Amino acid sequence: MTLKEDQTPRWYKSLRFRMAVMMSLAILPIGMIAVSQTRSVTEQAQQNSELALLGLTEQAAAEERIVIQRAFGLASGVGAFLPQMLENPAACSKRLAKVLENAGIFNFIGYVPISGKMTCSSTGVELDYANTPGFAEAVEAETPRIEVSIDGPNGEGSVINISQPVFEEDDLTGFVTVSVPHSILDALGDDSENEALLDLLTFNENGEILSSRNGADAAVANLPLGTNLAEFTTVAARTFSRQSVYGEDRIYAVVPIETGKIFALGVWDKDNGVSGQISKILPTSLFPALMWMISLAVALFAVHRLVSRHIRSVGAQMMRFADNRTLLTDERTREMPSELQ
């Protein structure tokens, strides 16, 4: 090996590189602790933001919850006194018309026996539901149901039908049906105080959209891409980020309105309000990495300030001395650490 090759500097032999490696090893335990603590803080911040968003969604859906619970409550109340009136359909219909008038926000109340032939209703019109899709399943399930009907029983447009089963000595006798006009639910709420809430949808256990604050067309556009709403009926309240059908980044919050039956889906702007805080949560490794970079910068600056520049000065003085056997005074000598002086 020639002298020139032997004296060729290697970057990995430099004092700076070795100091960087030693500093990295020195701060590694602190960095690991910082990563762990930062992850814990980030997860807590994420959880707090999600809980806040769920709370805001639940608050926004309060009016829908009240309307739907009133409908179920009205159906249960009617079912309590209805069996005694079925023998006189005219009187029964008259009574239901009075109940509907007092209720105010609903547009139809009727009783459908398990035969499917309705003779008692607030309109007095007789209807046959025996061959209606889903009626046989409802009779077999014997559970409350909520579904959308494009044309309501009284012919006043799209409605949400809420059906409450009626039992007599543990035997199902029929269903009390209360119809809520879509226009009532769609007009609920004032979202002007929270501009981040883009839309609020309600849907049933089958994933069928019941209502939307912005109308049916907007509801479809705001749905999460590639998602069936029925997926969210088997889990507790949750939030998630996903693109909408139109490819826009959104944050969604799902909360139950009527446990196991009706749910609310809040569509939130990803960059606004509490939902924006969720999307801006920083990676857990950012702060430890920043700490490492600052530590290395300080270490390398210290090496240059305290050692490297002074060694170069000493080297220059030695070369001058070798040339003319004179030793000149260097102002930087006074700044050297005592070991180098």
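Residues numbered from 1 in each chain as written. Predicted model: local features only at pLDDT ≥ 70, side-chain atom pairs only at ≥ 80, totals over all residues. Heavy atoms only, no water.

Asker: I'd like a rundown of the packing of aromatic side chains, residues and numbers included.
Answerer: On inspection of all chains with the given rule, the structure shows 3 aromatic pairs. Aromatic pair Phe 203 and Phe 263: ring centres 5.5 Å apart, planes at 20°, arrangement stacked. With Phe 203 in strand β8 (residues 197–204) and Phe 263 in strand β12 (residues 262–269), this residue pair connects regions lying 60 residues apart in the sequence. Judged by its relative accessible area of 0%, Phe 203 falls in the buried class. Seen in terms of ring centroids, Phe 232 and Phe 240 are 5.0 Å apart; in terms of plane orientation they differ by 20°. Their pairing is stacked. (Phe/Tyr/Trp six-rings, centres within 6.5 Å; stacked < 30°, edge-to-face > 60°. Helix = DSSP H or I, 4+ residues; strand = E, 2+ residues; numbered from the N terminus. Buried < 20%, exposed > 50% of the residue type's maximum accessible area, 1.4 Å probe, protein only.)

Asker: Which residues make up the pattern of salt bridges, and what values do they have?
Answerer: Pairing between side chains of opposite charge can happen when their charged atoms approach one another. Across all of its chains, the model carries 5 salt bridges by this definition. In this structure, the salt-bridge partner of Arg 145 is Glu 147, at a minimum N-O distance of 3.4 Å. You can call Arg 145 buried: its relative accessible area is 18%. In this structure Glu 147 comes out as partly exposed when scored by relative accessible area, which is 29%. For the salt bridge of Lys 261 with Glu 205, the shortest nitrogen-to-oxygen distance reads 4.0 Å. With a gap of 56 residues between them, Lys 261 in the loop between β11 (249–258) and β12 and Glu 205 in the loop between β8 and β9 (209–212) connect regions that are remote in the sequence. A residue is classified by how much of its surface remains accessible, and Lys 261, at 18% relative accessible area, is buried. (Salt bridge = Lys/Arg side-chain N within 4 Å of Asp/Glu carboxyl O.)

Asker: I'd love a proper account of the sheet that holds β9, names of residues and values included.
Answerer: Across a sheet, strands are paired by hydrogen bonds formed along the backbone, either parallel or antiparallel in direction. Read across the sheet, 5 strands follow the order β9-β8-β12-β11-β10 without closing on themselves; strand pairing throughout is antiparallel. A strand with exactly one partner marks an edge of an open sheet, and here the two such strands are β9 and β10 (238–243). Within the sheet, the average angular offset between the axes of one strand and its neighbour, ignoring direction, is 25°. As defined by bridge partners, β8 adjoins β9 across 3 bridges and the pair is classed as antiparallel. (Pairing = 2+ DSSP bridges. Axes fitted to C-alpha atoms, helices over the stretch in contact; angles between N-to-C directions.)

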